[in-house]
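Remarks on the overall topology
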Amino acid sequence: MIQSTRNLVNSIARFTVAFFLFAAPVLAQEAAKPKLEDSPTGQVFRWINFVLVVVILLYLFKGAPSYFRGHAEEISQKIAEGARAREAAEQRRAEAKAKLATIDAEVAKIREEAKKALALETERIKVQAKSEAEMIERAAQAEIAATEHAARLELRILAAKMAIERAEALLKQELQPKVETDRFFNFVASMAVLMGKQQAKN
Amino acid sequence: MNGAVSSRYAAALVDVALEQKNADRVKSDLAAFAEAFAHSSDLRTTLESPAVSREAKLQVIQKLGAVMELAQAVRNFLCVLVDHRRTELLFEIQDHFRTELNARQNIVEAVVTSARPLSADERNRLIKKLEDETHKTIEMQFHEDASLLGGTVVRLGSTVYDSSVRAQLDRMREQLESE
């Protein structure tokens, strides 16, 4: 755009200079008195003046054909680009139209897939929750069994301790010196058997 | 290693004691010196310290031997230990000596623990029974332990014969707990 404006300004400037160059001798001829110009010297200067004007005009308009040619090419390029852009836009518009035509089906498809995925995820979570619940139940049952076993063991130990304490108290009452003496001699008498057993074990 | 060394020293002392026919005295004197050695840190320091000269150590043994009236065999043996710097093995040697002497004299040591004091008759009958069964002389020590409640525990060498009420109750408790 800026380049085009600059070219236009240049063209106007050149045209203005050419106009003044053409118009200046005519105006000067009308204003002058017919004396020197009609002489041979005046004729010579007039030709020199003409040659100078021609040279200057040639110099000024030397680049004009190439400029107009370039300008025409630029315009044709821009027209081609515009056509291409229009074609692309048309193509995009057609695609968008085609998409719009199938968008309902696409939305329905996506909705259906989302429903299926949701159902699958729900099922997976249900299975996982069930599995974890079973695992927790098993762990709880094992813990209950262990606690029960420990409690039973503790109870047995307590019962045994109480029974022994009771037996010990009774024995303290029952173990009279006579009984002890009898027990001692029985033990002495059984030494042979005990030592025989020990030797057999060794 | 130390066990073998101690055993050799003990065997040598047993040889001397039996040869001089005063094994019992050597045994009791060695035990008395070992007790003094165990209870007196000064004596241990003196006899084990490398800073104390050999002569000084021997003098200490001779003086202590005279005061305690130790048998000459024991004094000589202690001097040998000092010469060979083996005084730290005294307790091990004493144990080996007792074992070796008992073995050579056909003696078995027995420890009897009872809930009540045993009468002389009970003691004698027990000793006789054990001697009959082992065919050895029984050297017996008696102890009392009321926690046994009743009955007797006899330790013969490394074997224990336990007829105490406490042991029977313990066995009963273990059985009740395991059922």
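Going by the structure above, here's the rest.
We now turn to the structure provided with this report.

Conventions we followed
- Residues numbered from 1 in each chain as written.
- Chains lettered and ligands numbered in written order.
- Predicted model: local features only at pLDDT ≥ 70, side-chain atom pairs only at ≥ 80, totals over all residues.
- Contact = placed C-beta atoms within 7 Å.
- Helix = DSSP H or I, 4+ residues; strand = E, 2+ residues; numbered from the N terminus.
- Nonpolar A, V, L, I, M, F, W, Y, C, P; charged D, E, K, R; others polar.
- Pairing = 2+ DSSP bridges.
- Right-handed = clockwise from strand over helix to strand, strands pointing away.
- Axes fitted to C-alpha atoms, helices over the stretch in contact; angles between N-to-C directions.
- Parallel < 35°, antiparallel > 145°, perpendicular 65-115°, else oblique.

At the interface, 21 residues of chain A touch 20 residues of chain B. Looking at the side of chain A that touches chain B, the elements with two or more residues in it are α3 (64–174) and α4 (177–201) of chain A. For the side of chain A that touches chain B, a count of residues per class yields 15 nonpolar, one polar and five charged.

Residue and element names in this part refer to chain B. As judged from the eight bridges shared by strand β1 (residues 107–114) and strand β2 (residues 137–144), these two strands associate in the parallel manner. Residue pairing across strands places Thr113 opposite His143, the latter belonging to β2. Crossover connection from β1 via helix α7 (residues 120–134) to parallel β2: handedness right-handed.

Let's shift gears to the packing of α4 of chain A against α7 of chain B. Running from N to C, α4 of chain A and α7 of chain B cross one another at 10°; their axes reach a closest spacing of 10 Å. With respect to α7 of chain B, the axis of α4 of chain A lies roughly parallel. For the pair α4 of chain A and α7 of chain B, the contacting residues are Phe184, Val188, Met191, Ala192 and Met195 of chain A in the first and Glu122, Arg125, Leu126, Lys129, Leu130 and Glu133 of chain B in the second. By residue class, the composition of the contact of α4 of chain A with α7 of chain B is seven nonpolar, no polar and four charged.

Taken by themselves, the reported measurements are silent on function.
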